[in-house]
Amino acid sequence: MHARPRRWAFRLTALLSASAACLVAWAGAANAHGSVVDPASRNYGCWLRWGSDFQNPSMAQQDPMCWQAWQANPNAMWNWNGLYREYLGGNFQAAIPDGTLCGGGHAENGRYDAMDVPGDWKAANIRNNFTIRLWDQARHGADYLMVYVTKPGFDPTRQKVRWSDLQLLAKTGRYAPGEYYTVNLSTSGRSGRAVIYTIWQASHMDQTFFFCSDVNFTS
Ligand SMILES: [Cu+2]
């Protein structure tokens, strides 16, 4: 008679502490690193649009580049915050061959290689004056952010990004550790498709992130 509620109480406690442990583990994984979330990086965008529905076959028609990316390696989306390289010493062009910029030069043994496939990636409409926003889940801080845009004439639906395709828009100063960093940028006379390429040099160690965000200049 008296044992019963006590057993239930024990089970409830065990259950609660198990889910607390899960939550901690989950939060720990999710808190690592970050990404450019606006305009969304290729893999963050695929995770955002399809993470809760990634086996839906209609993705192949509606969002074919995300479809090929999910087929190639779903971990590139689950680990949307993990597209980084370490100890490059700032020698990005030496470490990242042309045509592999969006995947960080085969970062994590090629986990993100599908980000380099040219095609009709979903593109965010932006103006010539625009802002990018980076989500630093880990609160690493930034030594700097470098933001590039592909030059006029570059066609992301047909071409892989090369260093020579990029025009530097801004190199920022430091950002104290926080959750979001924004950079205001301005171009002129741009219209149509382009890729915004962002390099985030984190401050906690020599850890560098690389992001391709697809955009469509509307004015
Ligand atoms: Cu990190």
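No experiment lies behind these values; they were computed from the predicted model shown. (Residues numbered from 1 in each chain as written. Predicted model: local features only at pLDDT ≥ 70, side-chain atom pairs only at ≥ 80, totals over all residues. Heavy atoms only, no water.)

Computed from the structure, the second largest pocket encloses a volume of approximately 150 Å³. Contributing to the lining of the second largest pocket are Asp38, Pro39, Ala40, Ser41, Arg42, Gly45, Arg49, Trp121, Lys122, Ala123, Ala124 and Asp214. Broken down by element, the residue count for the lining of the second largest pocket peaks at three residues, all from helix α2 (residues 42-50). Residues of the lining of the second largest pocket, tallied by class, amount to five nonpolar, two polar and five charged. (1 Å grid on protein atoms, 1.4 Å probe; cavity = no way out; pocket = protein on both sides within 12 Å on 5 of 7 lines; lining within 4 Å. Points joined across faces, edges and corners; volume = space filled by probe spheres on them. Helix = DSSP H or I, 4+ residues; strand = E, 2+ residues; numbered from the N terminus. Nonpolar A, V, L, I, M, F, W, Y, C, P; charged D, E, K, R; others polar.)

Glancing now at unusual backbone geometry. Cis geometry marks the peptide bond from Asp38 to Pro39, where omega comes out at -10 degrees. Mapping Pro39 onto the fold places it in the loop between β1 (34-38) and α2. Of note, the phi angle at Glu108 is positive, near 50 degrees, even though the residue is not glycine. With respect to the secondary-structure elements, Glu108 resides in helix α7 (residues 107-110). Backbone geometry at Asn109 places phi at a positive 55 degrees, although glycine is not the residue there. Tracing the backbone through its elements, the reader meets Asn109 in helix α7.

Now for the sheet that holds strand β4 (residues 129-136). Taken in spatial order, the three strands of this open sheet run β1-β4-β7, and their pairing is antiparallel. What marks the edges here is a single partner per strand, and that holds for β1 and β7 (180-186). Pairwise comparison of adjacent strand axes, ignoring direction, gives a mean angle of 25 degrees for this sheet. (Pairing = 2+ DSSP bridges. Axes fitted to C-alpha atoms, helices over the stretch in contact; angles between N-to-C directions.)

Here we take up the coordination of the copper ion. Donor atoms from the polypeptide that coordinate the copper ion comprise His33 (ND1), His140 (NE2) and Gln207 (OE1), at 1.9 to 2.4 Å from the metal. Each donor residue of the copper ion belongs to the same chain, and together they define the spacing H-x106-H-x66-Q. Note that His33 is positioned in the loop between α1 (3-30) and β1 and His140 in the loop between β4 and β5 (142-150), a separation of 107 residues in sequence. For His140, a relative accessible area of 12% corresponds to the buried category. (Donors = N, O, S within 2.8 Å, 3.2 Å for Na, K, Ca; no water. Buried < 20%, exposed > 50% of the residue type's maximum accessible area, 1.4 Å probe, protein only.)

Turning our eyes to something else, we now look at the packing of aromatic side chains. Scanning all chains against the criterion turns up 18 aromatic pairs. Here Phe130 and Phe217 contribute two aromatic rings whose centre-to-centre distance is 6.0 Å and whose plane-to-plane angle is 75 degrees, an arrangement assigned as edge-to-face. With Phe130 in strand β4 and Phe217 in strand β9 (residues 207-217), the pair connects residues that are 87 residues apart, well separated along the chain. Accessibility classification places Phe130 together with Phe217 in one group, the buried group. On the basis of an interplanar angle of 25 degrees and a centroid distance of 6.4 Å, the ring pair of Tyr197 and Phe210 is categorised as stacked. With Tyr197 in strand β8 (residues 192-202) and Phe210 in strand β9, this residue pair connects regions lying 13 residues apart in the sequence. (Phe/Tyr/Trp six-rings, centres within 6.5 Å; stacked < 30°, edge-to-face > 60°.)

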